[in-house]
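Structure at a glance
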Amino acid sequence: MAQIKRNNLFDLLRVLFTISVVVSHASGTVFHGEIVSANVAVDGFFMLSGFFMARHLYNRKNERAERVFLDYQIGRIRRLFPMYALSCLVGVFVELIFHHSFVVEKWAVLYFMGNINGIPGYPVIWYVAALFWAGLFVSAFLIWKRKISVLVIFPLTFFVLFSVMYSYHNLWLYSQPLLGGIFSAGLLKAVCALCVGAEVFYASRYLKARSSRFRPLARKTVALLCETIFIAGFLSSFWIWFSPKNFFVYLYVPLILLVFGMNEQVVFKILDRPLFSTLGKLTYAVYLTHLYFLQFLAKTNVCQGIPQIPAFVLIVIASFLIGYVFCKIEKIIRILFQYIDQNR
């Protein structure tokens, strides 16, 4: 069977979202500025996860539902939690250095479902728990109620959850407690964005199967329009809070995912390079560890006297280098555990 060519543009999105998170947090932590793109990027991460979740489960639609669900959750734990554990160790170290103490219970993943204020590194660490628990719910519907979930439950869930979140003035405060503190706005936000990503996957399959009747010029024109909307929206989110509720992220990120899913890209085709596949593998580590690096910079005032734009570039490069180091450490630990398991 011929190997399917990897679409590196999905990794490009991961890199763009990660850079926007690093720049946003650097703006607030190091320079006390107002660049607020992190919220848009986090929603984008969840939508990407929903897209690939739906694709993976769709490819296994003919297998036993219980086996698929169990295998998928075990795989997610293996992907998410080793790097999460490493980042927690870094957080403990940072707490000991700067605050000379830490509270163990604050690191419990279940705690992240409620109010997450006070957790060291909470602006990024909460993402793991939100992705895991929201993914548990969404993947269960995808596996056991495929037709109903795609046609009815997912759109309904999206509109209900988005209406609930839209009613909160401080939507960007992921720790906003809901239902007596059992859930947080961040967890509902994750479910909502995962649903959108899953819907985009099924939409891309549907449109790709029926787009052959249209001329290539018409398909490329529509793709170019979607790419233009994404570029304009993404660049705008770097510098202005163009919507208090981040509403437009639910427009331009699904549009670009739809274009990539159908493989109809025009402008972004020139960026379909293996380099982004390599960088994409580092983004999870960068996302989980960059805030501790920024806290170090803020405490030591290393960036004083450096213009913001060059400083942002250096911070992003350094964050990816740190992510690379942590990926290597994680790989060594995985190999060590495999060796121990094989020789016990």
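Residues numbered from 1 in each chain as written. Predicted model: local features only at pLDDT ≥ 70, side-chain atom pairs only at ≥ 80, totals over all residues. Heavy atoms only, no water.

Quick notes on the overall build of the protein chain
Rules: Helix and strand assignments follow DSSP, with helices taken as H or I runs no shorter than four residues and strands as E runs no shorter than two, numbered in order from the N terminus. Any residue under 20% of the maximum accessible area for its type is buried, any over 50% is exposed, and the rest in between are partly exposed; the area is computed with a 1.4 Å probe on protein chains only. Residues count as neighbours in contact if any of their non-hydrogen atoms are within 4.5 Å of one another. Per-residue and other accessible areas follow the Shrake-Rupley method at a 1.4 Å probe size, with only the shown protein chains counted as cover for residues.
Secondary structure assignment for the protein chain yields eleven helices and two strands. Mapped from its N terminus to its C terminus, the protein chain presents α and β elements in the order α-α-α-α-α-β-β-α-α-α-α-α-α. Scored against the burial criterion, the 344 residues of the protein chain give a buried share of 49%. Of the contacts formed within the protein chain by residues at least 6 apart in sequence, a portion of 79% connects residues at least 24 apart. Carbon and sulfur atoms form 67% of the exposed surface of the protein chain, whose accessible area is close to 17,900 Å².

Digging into the packing of aromatic side chains
Cut-off, in case you're wondering: Aromatic contacts are taken between Phe, Tyr and Trp rings whose centres are within 6.5 Å, Trp giving its six-membered ring; a plane angle under 30 degrees counts as stacked, one over 60 as edge-to-face, and the others as tilted.
As enumerated under the stated definition, the model contains 15 aromatic pairs in all. Geometrically, the ring pair formed by Tyr 58 and Tyr 202 is edge-to-face, given 6.0 Å between the ring centres and 80 degrees between the ring planes. Of the two residues, Tyr 58 sits in helix H2 (residues 38-59) while Tyr 202 sits in helix H6 (residues 185-210), which places them 144 residues apart along the sequence. Its relative accessible area of 18% is what places Tyr 202 among the buried residues. Feature note: the residues Phe 10, Phe 51, Phe 52, Tyr 58, Phe 201, Tyr 202, Phe 260 and Phe 268 constitute an aromatic cluster, connected by ring pairs.

A closer look at a nonpolar patch on the surface
Filter applied, for reference: Within this analysis, patches are made of residues with over 30% relative accessible area and no salt bridge. Like charges are joined at 9 Å or less; nonpolar side chains (Val, Leu, Ile, Met, Phe, Trp, Tyr) at 5 Å or less. Take a side-chain nitrogen of Lys or Arg and a carboxyl oxygen of Asp or Glu: if they are within 4 Å of each other, that pair is a salt bridge.
There is a patch of nonpolar side chains on the surface, built from Leu 224, Ile 231, Leu 235, Val 266 and Val 267 and spanning about 360 Å² of accessible area. For Leu 235, the position within the fold is in helix H7 (residues 216-239).

Some details on the packing of helix H1 (residues 9-29) against helix H11 (residues 308-343)
What counts here: Angles here are taken between N-to-C directions and fall from 0 to 180 degrees, while the axes themselves are lines fitted to C-alpha atoms, restricted in helices to the stretch in contact. Working rule for angles: under 35 degrees goes down as roughly parallel, over 145 as roughly antiparallel, 65 to 115 as roughly perpendicular, anything else as oblique. Note: crossing handedness is left-handed where the near helix turns anticlockwise from the far helix by less than a right angle, and right-handed where it turns clockwise. We call Asp, Glu, Lys and Arg charged. Ala, Val, Leu, Ile, Met, Phe, Trp, Tyr, Cys and Pro are nonpolar, and the rest, Gly among them, are polar.
Two numbers describe how H1 lies on H11: the axes approach to 10 Å, and their chain directions differ by 120 degrees. As the angle between them shows, H1 and H11 are arranged oblique. The two elements H1 and H11 cross, and the hand of that crossing is right-handed. Side by side, H1 and H11 meet where Val 15, Thr 18, Ile 19, Val 22, Val 23, Ala 26 and Ser 27 of the first sit next to Phe 312, Ile 315, Val 316, Ser 319 and Phe 320 of the second. Within the contact of H1 with H11, the residues separate by chemical class into nine nonpolar, three polar and no charged.

A few points about the packing of helix H10 (residues 283-300) against H11
It is the contact of H10 with H11, at a shortest axis distance of 8 Å, that shows an interaxial angle of 120 degrees. Relative to H11, the element H10 lies oblique. Every pair of crossing elements has a handedness; the one defined by H10 and H11 is right-handed. Residues Thr 283, Ala 285, Val 286, Thr 289, His 290, Phe 293, Leu 294 and Leu 297 of H10 touch H11, and the partners they reach there are Ile 315, Ala 318, Ser 319, Phe 320, Ile 322, Gly 323, Phe 326 and Cys 327. Its residues placed into classes, the contact of H10 with H11 shows eleven nonpolar, five polar and no charged.

Points about the side chain of Thr 283
Heads up, the rule is: Polar contact criterion, stated in full: a pair of N or O atoms within 3.5 Å, where within protein one must be able to donate a hydrogen and the other to accept it, and residues adjacent in sequence count only if both atoms are side-chain atoms.
As for its placement among the helices and strands, Thr 283 is situated in helix H10. Of the residues examined, Thr 283 reaches a relative accessible area of 5% and is grouped as buried. One polar contact links the side chain of Thr 283 to the main-chain carbonyl oxygen of Gly 280, over a distance of 2.7 Å.

Some remarks on the state of the cysteines
Defined as follows: Cysteine sulfur pairs qualify as disulfides if the two atoms are within 2.5 Å.
Applying the stated criterion across every chain, the model contains zero disulfides. As a non-bridged cysteine, Cys 192 has Cys 195 as the owner of its nearest cysteine sulfur, 6.7 Å distant. By relative accessible area, Cys 192 is classed as buried at 0%. Cys 195 sits in the buried class, given a relative accessible area of 1%.

Observations concerning the nonpolar core
The test is simple: In plain words, nonpolar cores are sets of buried Ala, Val, Leu, Ile, Met, Phe, Trp, Tyr and Cys residues tied together by side-chain atoms within 4.5 Å.
By size, the foremost hydrophobic cluster in this structure holds 90 residues, and its most contacted members are Phe 46 and Ile 315. The element that contributes the greatest number of residues to this core is H2, accounting for twelve residues. Residues in contact with Ile 315, not counting those within four places in the same chain, are Val 22, Ala 26, Phe 31, Phe 293, Leu 294, Leu 297 and Cys 303.

Topic: the confidence of the model for the protein chain
Condition: Confidence scores per residue from the predictor, reported as pLDDT, run from 0 to 100.
A residue-level look at the protein chain finds 72% of positions with pLDDT of 70 or above and a mean pLDDT of 76. Considering each helix and strand of the protein chain separately, the mean pLDDT is smallest for strand S1 (residues 177-178), with a value of 52, and largest for helix H9 (residues 274-280), with 91. Taken as a whole, residues 109-121 scores under 50 in pLDDT and shows 42 contacts with residues more than four places along the chain or in a different chain. Between residues 168-174, whose pLDDT stays under 50, and residues either more than four places distant or in other chains, the model counts 19 contacts.

Looking at the pattern of salt bridges
Taken as a whole and judged by the stated rule, the model has eight salt bridges. For the salt bridge of Asp 11 with Arg 14, the shortest nitrogen-to-oxygen distance reads 2.9 Å. With Asp 11 and Arg 14 both in helix H1, this residue pair falls three residues apart, about one helical turn. Under the relative-accessibility criterion, Arg 14 is labelled partly exposed at 23%.

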